[in-house]
Amino acid sequence: MARRADHTREELKSLILDAAWKITGAEGFEGLTARRIASEIGYAPGTIYNLFASMDDLYLQICGRTLDQLYGVLSSSECNNPKHDPLRNMKMMATLYMKFAREYRPYWLMLFSHRMPESRKTDARHQEKVDRLFEPLEGLLQSYFPPRQDRKRKMAARVLWSSVHGLCFLQETGKIEVVGGKADMAAEMSSYLIDTFVAGMKTGK
């Protein structure tokens, strides 16, 4: 077993986070325990608690890494192309979101399925990353709202994003049939949803 002196505090913390990321990808967040991580890095389980206040603190940092990667996808030029109209970009954003959910499924499920204790829900840094996820969609919705209607635009972004997420979640958890859909039908349903949502905003002007 490695000695504590073999790594600096920051190196050890990075080792733990990388091991936790690897385990989550292979086994899901259900397999993410202090003992499992310690075994992966060759240290005693108590080492994790010397560097993280609790396992929830570690879970939060893994979710933070997932949020960073997801933000990179949603803010990419592929779905924020100035040569394309906002509707087309929104549909591409939905497509890339569903692709992310499929390719990073264990991390994506951890992000939305793991229940954090109340004491961790107010973590300011984590909340900033969550809020940042909506910014690309808020930008695409800009042209549908007149000046000084930022509150409505922000709400519209959250309603639309949550609706697309709901379809994606149903598909990834094998529950799409509950709403009368078929396997892999979430993309088609989200495209219809976005068309209808945008048409409604135009009518409401």
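Not measured: the values here are computed from a predicted model.

Moving on, we get to empty space enclosed by the protein. Per the stated rule, a full pass over the model turns up one cavity of 30 Å³ or more. As a volume, the largest cavity reaches approximately 110 Å³. If you trace the largest cavity, you find it lined by Leu74, Met90, Met93, Ala94, Tyr97, Leu137, Leu160, Trp161, Val164 and Ile194. Breaking the lining of the largest cavity down by element, the ones donating at least two residues are α5 (86-103) and α10 (150-172).

It is a probe the size of a water molecule, rolled over the atoms, that shows where empty space is left. The volume enclosed by the second largest pocket comes to roughly 220 Å³. If you trace the second largest pocket, you find 11 residues lining it, with Leu60, Gln61, Asp123, Arg125 and Lys129 closest to the centre. Contributions of two or more residues to the lining of the second largest pocket are made by α4 (55-74) and α8 (124-133). When residues of the lining of the second largest pocket are assigned to their parent elements, the largest contribution, six residues, is made by α4. Tallied by class, residues from the lining of the second largest pocket come to one nonpolar, three polar and seven charged.

Conventions and cut-offs
Residues numbered from 1 in each chain as written. Predicted model: local features only at pLDDT ≥ 70, side-chain atom pairs only at ≥ 80, totals over all residues. Heavy atoms only, no water. 1 Å grid on protein atoms, 1.4 Å probe; cavity = no way out; pocket = protein on both sides within 12 Å on 5 of 7 lines; lining within 4 Å. Points joined across faces, edges and corners; volume = space filled by probe spheres on them. Helix = DSSP H or I, 4+ residues; strand = E, 2+ residues; numbered from the N terminus. Nonpolar A, V, L, I, M, F, W, Y, C, P; charged D, E, K, R; others polar.

On their own, these measurements won't tell you what the molecule is for.
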